[in-house]
Amino acid sequence: MLNYQDQDSLLKLLSTQLHQDVTCYAFGGNAMMFYGYKDETKDVDILFETLDERDEFIRILKFLGYSEISAIKIYVPEKLKDKHAPIMFKRDESRFDLFVKKIFQTNLSPKMKEDVFAIHEYKEKHTLTIKVLRKEQLVILKAVTDRVNDFEDIKTIVAKDQYFDWEYLTDEVLWQAAHGDGWVLLDVEETMQQLKKYVFIEQKWFEKLYNAR
Amino acid sequence: MNLKNQEELLHTLEGLHTIETIAETLNITTQSALNLITKLKRQQYVTVSGKGKTKRLYKITQIKQRPRVPGMFDIINKYSPHMKLNPWYDHQVHGTYGPEEALIDAIQTQSFRVILASLHLFRHINNWPKLYQLAKQKDSWQKIGALHDLAKLYFKIRHLPQKYQQLKTKKKYYIIKEYPTKETKFQPITQKWHVNIPFRLGDIQKTIGG
């Protein structure tokens, strides 16, 4: 498990080893720690825009003693057939899930790029820039990755945030569906149905998704 | 206090409070409220503003308020006395970060207000070689030169060394895309640096507090 201080130290350490600037997007437990939603995590989910940047990141992870593991027991098998499935690295109790360009079929949308919650730059000789996605995006991506504990994380985000923007979430889901994501509508609708047991969600947001099908 | 109770407590208290409003909301004594705040502060759920004789305000949230390191918005707000920015994302830089870096980042935002407020950073630029190197990496030295000359019209700032005033190219730039210089007062700067300045005199007045 990584806590906030561990994550900070690890990212600083990673940045000292960089041979080029690397920019990436955080959306897993690590993103939730940046927000303050949780204190520790074992999954660090990162999305890169280019293969080059991911390769550079992998080089450093290997240097720090992380080794590649199989994703079979962690993700739903049918999702792992997708060409945008992650490469995973593990050391002790911490695990990195590294995606490029897409999270399975979900794109790095213009809104994801523009509306980030935070930007953390780790500056050494080169800079590691971590862009933390908005909470609505975190919920969508956690619904898509659908691993053990992902639903618990979604519940935490939605329950603890009185300003959760369902309109923003549904707009983004529709954009993703219109741009080739065949799973997002089903995944998010299923998650919202489960969430209804814990938080109030207006029916109109469900209908907005149904009308898009 | 168990975890469930603490969650309910934070849900009840979320927002801005004085010690009296906390005591009143929870129907406890002021001393108990102070003890509670101390505990929540240790757990990072509370930040305090107000020192000395100023009434203390407690910001309580359901999520932890992580310690921050300064980023672009913090540096600009620190040095811009009249025009303050309301950050639309949380920018933090872990490592060396000062007015030189913040100025370069401000130009990259292409935001009218951010660039306008960042003019005050020129009063705190000490390291011209560093600024020149950083600007060159982002292809924005001419923009820096133009903004420097603009700032010089209104504030007392350090002199830009002559060697950095030589233009290597005559490429035309915009501080903000498609916003040409309209103020005749700024035309000489545009001609010198080949950079279009989007601001009007009224905009500058806002940042100098006129």
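A brief look at the structure comes next. (Residues numbered from 1 in each chain as written. Chains lettered and ligands numbered in written order. Predicted model: local features only at pLDDT ≥ 70, side-chain atom pairs only at ≥ 80, totals over all residues. Heavy atoms only, no water.)

## Things to note about the interface of chain B and chain A
Residue-level contacts link 17 residues of chain B with 21 residues of chain A. Buried area between chain B and chain A, both sides added, is near 1,700 Å², and the carbon and sulfur share of it is 46%. When the buried surface of chain B facing chain A is broken down by residue, Ile63(B), Arg66(B) and His94(B) rank first, second and third, together holding 41% of it. Our count for the contact surface shared by chain B and chain A stands at two salt bridges. As a salt-bridge pair, Asp39(A) and Lys64(B) come within 3.0 Å of each other at their nearest N and O atoms. Linking chain B with chain A are 13 residue pairs in polar contact (both at pLDDT 80 or more), by the criterion used here. (Contact = heavy atoms within 4.5 Å. Buried area = accessible area lost by both parts, 1.4 Å probe. Salt bridge = Lys/Arg side-chain N within 4 Å of Asp/Glu carboxyl O. Polar contact = N/O pair within 3.5 Å; in protein donor to acceptor, adjacent residues only side chain to side chain.)

## Some points on the nonpolar core
Judged by nonpolar contacts, the single largest core of 120 residues is most densely connected at Phe96(A), Leu128(A), Phe122(B) and Trp141(B). The residues contacting Phe96(A), other than those within four sequence positions of it, are Leu10(A), Val44(A), Ile46(A), Phe57(A), Leu61(A), Tyr66(A), Ile87(A), Met88(A) and Phe89(A). If you look at the next biggest cluster of nonpolar residues, it comprises 14 residues, including Leu9(B), Leu10(B), Ile22(B) and Leu40(B). (Core = buried A, V, L, I, M, F, W, Y, C linked by side-chain atoms within 4.5 Å. Buried < 20%, exposed > 50% of the residue type's maximum accessible area, 1.4 Å probe, protein only.)

## Some words on the pattern of salt bridges
All names here are of chain A. The full count for this structure, using the stated rule, is 29 salt bridges over all chains. Between Lys 142 and Asp 150 there is a salt bridge, and its shortest N-O distance comes to 3.1 Å. For Lys 204, the salt bridge identified is with Glu 202, shortest N-O distance 3.9 Å. Using a relative accessible area of 43% as the deciding quantity, one classes Lys 204 as partly exposed.

## As for the sheet that holds strand β4 (residues 90-94) of chain B
Read from one edge to the other, the open sheet built from eight strands follows the order β5(A)-β6(A)-β7(A)-β4(A)-β2(A)-β11(A)-β10(A)-β4(B), with strand pairing classed as mixed. Of all the strands in the sheet, just β5 (67-69) of chain A together with β4 of chain B have a single pairing partner and so form its edges. Ignoring strand direction, the axes of neighbouring strands in this sheet form an average angle of 30°. Looking at chain direction, strand β2 (residues 22-26) of chain A and strand β11 (residues 127-132) of chain A are connected through five bridges and run parallel. Looking across to β11(A), one finds that Ala26(A) is bridged to Val132(A). (Pairing = 2+ DSSP bridges. Helix = DSSP H or I, 4+ residues; strand = E, 2+ residues; numbered from the N terminus. Axes fitted to C-alpha atoms, helices over the stretch in contact; angles between N-to-C directions.)

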